[in-house]
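What follows is the residue order along each chain.
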Amino acid sequence: MLSPEVISRLFNEKDILGLKFATGVTPVVAYFKIKTVEGPINLKSYALGTAALAQNVVGTGWDEIRDAAGRLWLEPEFDNILFHVFFGINPDYAWVYQRFPSNVDRLSLVGTREIGGKVGAISGFDSPFRNPSPHTEFFTVRGAHPSFLGFHPYLEPPSVIIRLNFFVMRYGVNYLGYPGHKDKQPTEEQMERAVIRTLGGEPPVPLPEWLRG
């Protein structure tokens, strides 16, 4: 189930989406025109693993969300596809931490947030399993995906399996390029129409090589 707040953030055919990436000096916005929309595609009840009681700061360990064959569920296989993702958490009291890219910690305030600390976790109360919060939104392109870790914050029960429910919109896109790209240049009209979203946070996710041209 997607809430009206989440639905309002989805894109339609002919919309322009700008994704902000890091390039080492200043961020760039890569622009995409939405051609097709498919979804929501539900990746249901993905088990991050078992987390023991609160003293165990290892939690479930980091998971890049792979299938049984080791393929990444949340990274598109092809250049002309974008994923737009929201996730809910079960049980409600479980905490989930995120990295994006899969080795870069996110949601810190001072330094790097600690697993089990007071900063940086999203709980199932914040984003219910079957009704995800818009605050869990992220996008992925080929060459960029997140990882997740589940944490059990209480002493009872002794252990718990932490699960994520992913709601994925699959967009077929035309890559329009970015200002300064050697081959692909979005028009002023396309840039004015675009909705801009940052990948990852500060700093943004690095621009994948294939988008550089």
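Below you will find a few notes about this structure. None of the values given here were measured: they were computed from a predicted structure.

### Description of the packing of aromatic side chains
At step 1: One pass over the full model with this rule turns up 12 aromatic pairs.
At step 2: Centroid distance phenylalanine 11 to tyrosine 171: 6.0 Å. Interplanar angle 80°. Geometry classified as edge-to-face. Highlighted residues: phenylalanine 11 in the loop between helix 1 (4-7) and strand 1 (16-21) and tyrosine 171 in strand 8 (residues 159-177), separated in sequence by 160 residues. Residues phenylalanine 11 and tyrosine 171 agree in their burial class; the two are buried.
At step 3: Residues phenylalanine 87 and phenylalanine 138 carry aromatic rings whose centres are separated by 6.4 Å and whose planes lie at 55° to one another, so their mutual orientation is tilted. Taken as a pair, phenylalanine 87 in strand 3 (residues 81-90) and phenylalanine 138 in strand 6 (residues 138-140) lie far apart in primary sequence, 51 residues in all.
At step 4: What links up through ring pairs into an aromatic cluster is the set Phe87, Phe100, Phe138, Phe148 and Phe166.

### Topic: the nonpolar core
At step 1: Formed by 48 residues in total, the largest nonpolar core has its most connected members in Leu19, Phe87, Phe148 and Phe166.
At step 2: Those elements that place two or more of their residues in this core are strand 1, strand 2 (28-52), strand 3, strand 6 and strand 8.
At step 3: Counting residues per element, this core draws most heavily on strand 8, at 10 residues.
At step 4: Every residue in contact with phenylalanine 166, bar those within four places of it in the chain, is listed here: Ile41, Asn42, Leu43, Tyr46, Ile65, Leu74, Val85, Phe86, Phe87, Phe138 and Phe148.
At step 5: Membership of the second largest hydrophobic core comes to 5 residues, among which are Ile16, Val29, Tyr31 and Leu176.

### Structural notes on the side chain of serine 133
At step 1: Residue position: serine 133 is located in the loop between strand 5 (122-123) and strand 6.
At step 2: Engagement of the side chain of serine 133 in a polar contact is seen with the backbone nitrogen of histidine 135, the distance being 3.0 Å.
At step 3: With near-sequence residues (within four places) excluded, serine 133 lies in contact with Val6, Phe86, Phe87, Asp126 and Ser127.

### Focus on the sheet that holds strand 9 (residues 195-198)
At step 1: Spatially, 6 strands are ordered 6-3-8-2-1-9 in an open sheet, and the strand pairing comes out mixed. The open sheet has two free edges, formed respectively by strand 6 and strand 9, since each of these has just one partner strand. Sheet twist, expressed as the average angle between the axes of neighbouring strands with direction ignored, equals 35°.
At step 2: In the sheet, strand 1 pairs with strand 2 via 6 bridges, with the strands oriented antiparallel. Directly across from glycine 18, in strand 2, lies its bridge partner tyrosine 31.

Here is what the cut-offs are and how they apply
- Throughout this document, residue positions are counted from 1 along each chain, in the order its sequence is written.
- Note on the predicted model: pLDDT of at least 70 is required for a residue's local features to be given, and 80 or more for side-chain atom pairs to be given and counted; whole-chain, interface and lining totals, by contrast, use all residues.
- Excluding hydrogens and water, the side-chain figures rest on all heavy atoms present in the structure.
- Ring geometry is summarised as follows: Phe, Tyr and Trp rings, the Trp one being its six-membered ring, pair when their centres sit within 6.5 Å, and such pairs are stacked at plane angles under 30 degrees, edge-to-face over 60 and tilted between the two.
- Labels follow the DSSP assignment, with helices taken as runs of H or I lasting at least four residues and strands as runs of E lasting at least two, numbered in each case from the N terminus.
- A 1.4 Å probe rolled over the protein chains alone gives each residue an accessible area, and that area as a share of the maximum for its type sets the label: buried under 20%, exposed over 50%, partly exposed in between.
- Put simply, a nonpolar core is a bunch of buried Ala, Val, Leu, Ile, Met, Phe, Trp, Tyr and Cys residues held in one set by side-chain atoms that sit within 4.5 Å of each other.
- Whether two residues are in contact is decided by their heavy atoms: any pair within 4.5 Å suffices.
- Residues adjacent in sequence count toward polar contacts only when both atoms are side-chain atoms; beyond that, a polar contact is any pair of N or O atoms within 3.5 Å, and within protein one must be able to donate a hydrogen and the other to accept it.
- Note: two strands are recorded as paired if DSSP finds a minimum of 2 bridges between them.
- In this description, a line fitted to the C-alpha atoms serves as the axis of each element, helices being fitted only across the stretch in contact, and the angle between N-to-C directions of two axes falls anywhere from 0 to 180 degrees.

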